[in-house]
Amino acid sequence: MARSFSIKQIAAQSGVSKATVDRALHQRGSVSPRTARRIAQAIRDLELQQRASLASGRTLPIDLVMHAPERFSSLVLAALLSQINSFAPFRLTLRCHIFEEISPEELQRELRRCGNDSYGVLLKASDHPLLQSTIAELAALNVPVVTLVTDLPSSERISYVGMDNEGAGRTAAWLMSRWLPAAVQTVAVVISSTGFRGEEQRMEGFIQALSQRAPYLQIKAVSEGYGIDSLTFTQMCTALEQDPSIQSIYSVGGGNSAILQAFSAMHREVNVFIGHDLDEENRRLLAAEEMDAVIDHDLHEDARSAFKAILRFHGFLPEAEDETASSRVIVVTPFNI
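Reading the values: rules and limits
- Residues numbered from 1 in each chain as written.
- Predicted model: local features only at pLDDT ≥ 70, side-chain atom pairs only at ≥ 80, totals over all residues.
- Heavy atoms only, no water.
- Helix = DSSP H or I, 4+ residues; strand = E, 2+ residues; numbered from the N terminus.
- Buried < 20%, exposed > 50% of the residue type's maximum accessible area, 1.4 Å probe, protein only.
- Contact = heavy atoms within 4.5 Å.
- Pairing = 2+ DSSP bridges.
- Axes fitted to C-alpha atoms, helices over the stretch in contact; angles between N-to-C directions.
- Parallel < 35°, antiparallel > 145°, perpendicular 65-115°, else oblique.
- Nonpolar A, V, L, I, M, F, W, Y, C, P; charged D, E, K, R; others polar.
- Salt bridge = Lys/Arg side-chain N within 4 Å of Asp/Glu carboxyl O.
- 1 Å grid on protein atoms, 1.4 Å probe; cavity = no way out; pocket = protein on both sides within 12 Å on 5 of 7 lines; lining within 4 Å.
- Points joined across faces, edges and corners; volume = space filled by probe spheres on them.
- Disulfide = S-S within 2.5 Å.

Take the overall build of the chain next. For the chain, the count of helices and strands is 12 helices and 12 strands. For the chain, the spread of C-alpha atoms along the principal axes amounts to about 85 × 40 × 35 Å. Scored against the burial criterion, the 337 residues of the chain give a buried share of 50%. Across the chain, the fraction of contacts at a sequence separation of at least 24, relative to all contacts at a separation of at least 6, is 69%.

Taken across its 5 residues, strand β5 (residues 159–163) has 5 buried, putting it largely inside the fold. As judged from the 2 bridges shared by β5 and strand β11 (residues 326–327), these two strands associate in the parallel manner. In the strand pairing of β11, Met 163 is matched with Ser 327.

Turning our attention to the packing of helix α10 (residues 256–265) against helix α11 (residues 280–287). Between α10 and α11, the shortest axis-to-axis distance is 9 Å and the interhelical angle comes to 45 degrees. In terms of axis orientation, α10 runs oblique to α11. Here Asn 256, Ser 257 and Leu 260 of α10 lie close against α11, whose contacting residues are Glu 281, Asn 282, Arg 284 and Leu 285. For the contact of α10 with α11, the class distribution of residues is 2 nonpolar, 3 polar and 2 charged.

With that settled, the discussion passes to the sheet that holds strand β1 (residues 59–67). Taking strand neighbours across the sheet as the criterion, the 6 strands line up as β2-β1-β3-β4-β5-β11 in an open arrangement whose pairing is parallel. Each edge of the open sheet carries a strand with a single partner, namely β2 (91–99) and β11. One ladder, built from 3 bridges, connects strand β4 (residues 145–148) with β5; its direction is parallel. Looking at the pairing, Thr 147 lines up with Tyr 160 of β5.

What follows deals with the pattern of salt bridges. Applying the stated criterion to the full structure yields 10 salt bridges. Here Arg 95 and Asp 117 are joined by a salt bridge, their closest N and O atoms 2.9 Å apart. One end of the pair, Arg 95, is in strand β2; the other, Asp 117, is in the loop between α5 (104–114) and β3 (120–124), with 22 residues separating them in the sequence. Note on Arg 95: relative accessible area 27%, which makes it partly exposed. Its relative accessible area of 43% is what places Asp 117 among the partly exposed residues. Linking Arg 157 and Asp 151 is a salt bridge whose minimum nitrogen-to-oxygen distance equals 2.8 Å.

What follows covers empty space enclosed by the protein. Applying the stated rule across the entire model yields 3 cavities of 30 Å³ or more. Here the largest cavity defines a volume of roughly 200 Å³. Surrounding the largest cavity, 19 residues form its lining, Phe 72, Glu 199, Val 252, Gly 253 and Asp 277 being those nearest its centre. At the level of elements, α4 (70–84) and α8 (197–213) are the ones that each hand at least two residues to the lining of the largest cavity. Per-element accounting of the lining of the largest cavity gives the leading share, 3 residues, to α8. Residues of the lining of the largest cavity, tallied by class, amount to 6 nonpolar, 7 polar and 6 charged.

Further remarks concern unusual backbone geometry. The phi torsion at His 267 lies on the positive side, around 55 degrees, for a residue other than glycine. Locating His 267 in the fold gives a position in the loop between α10 and β9 (273–276). Using a relative accessible area of 76% as the deciding quantity, one classes His 267 as exposed.

Our focus in this paragraph is the state of the cysteines. Applying the stated criterion across every chain yields a total of 0 disulfides. A disulfide-free cysteine, Cys 96 has its sulfur positioned 11 Å from the sulfur of Cys 114, the nearest such atom. Residue Cys 96 is classed as partly exposed on the basis of its relative accessible area of 39%.

This is the structure:
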């Protein structure tokens with residue numbers, strides 16, 4: 001890449017003489033290892049600046065593909081839009097493909113359409129073999145995929161951004177074990193679907209930690225409500241009919257108003273209710289003290305990490321070795337909304 005820049009440019013960038021740069025590039029005489037590294041870094045910096053300059057005059061379309069309830073997808077979209085202008089001079093634009101109900105085959109078609117001209121895909125979807133192979137197709141087209149909130153770890157995605165899901169589940173278990181009396185009862189863990197890896201990780205962390213801290217508490221998984229109120233209500237009513245000892249809830253996948261409606265319809269009370277994500281519904285339920293706690297994380301931080309990962313992939317931003325993709329877990333109660 002040194003041929004793209006003059007010796008004068010490299011010398012000015014590295015802060016060494018033109019003669020030293022000439023010796024380093026053409027191996028004419030000795031150059032200390034430290035100086036050689038300095039010149040190599042200068043060339044990398046010039047290359048980065050050149051790419052950024054070329055990109056700054058172009059529109060870089062990024063596709064958001066989400067399978068999620070509207071209450072959550074609206075939070076993610078707002079966070080992404082709030083951060084997109086902070087990456088000037090890059091002209092990022094967001095194209096949204098958001099679905100509450102969609103099959104893996106339909107998602108595959110959406111992802112393939114993104115391969116035409118996308119600079120990157122932000123994906124929130126189930127960990128399905130069809131999607132893994134489609135991510136590989138996009139990778140072959142030089143279209144990077146960043147997974148949001150829930151991961152596809154066996155795929156060729158370039159990065160995952162979101163909270164430490166197992167850590168979030170352990171946090172919920174700690175709260176549950178502290179708040180419930182030492183007596184036998186059942187805690188329902190409500191997930192939207194077993195296909196979402198992030199939700200499975202939260203449930204795994206919760207089950208593992210709760211079995212250690214409160215082995216007298218039984219756990220019943222309730223799934224396939226997809227966070228949609230009507231489906232979640234039906235699944236929760238079925239679970240309550242099957243198990244009269246369910247008294248507390250760890251809601252991983254949403255649909256929390258529907259969960260409470262199911263308890264009311266079955267004339268049952270909730271002892272402890274812990275959920276995820278500080279959306280408008282959960283704010284209302286917390287304020288009314290119908291939920292005890294919400295485990296949240298900074299979606300704005302996730303948005304910044306996702307955009308940075310795509311820009312780094314294309315060489316528009318430098319690598320950052322010390323940056324972590326996991327955002328911090330936050331516990332919200334009725335008193336710190």
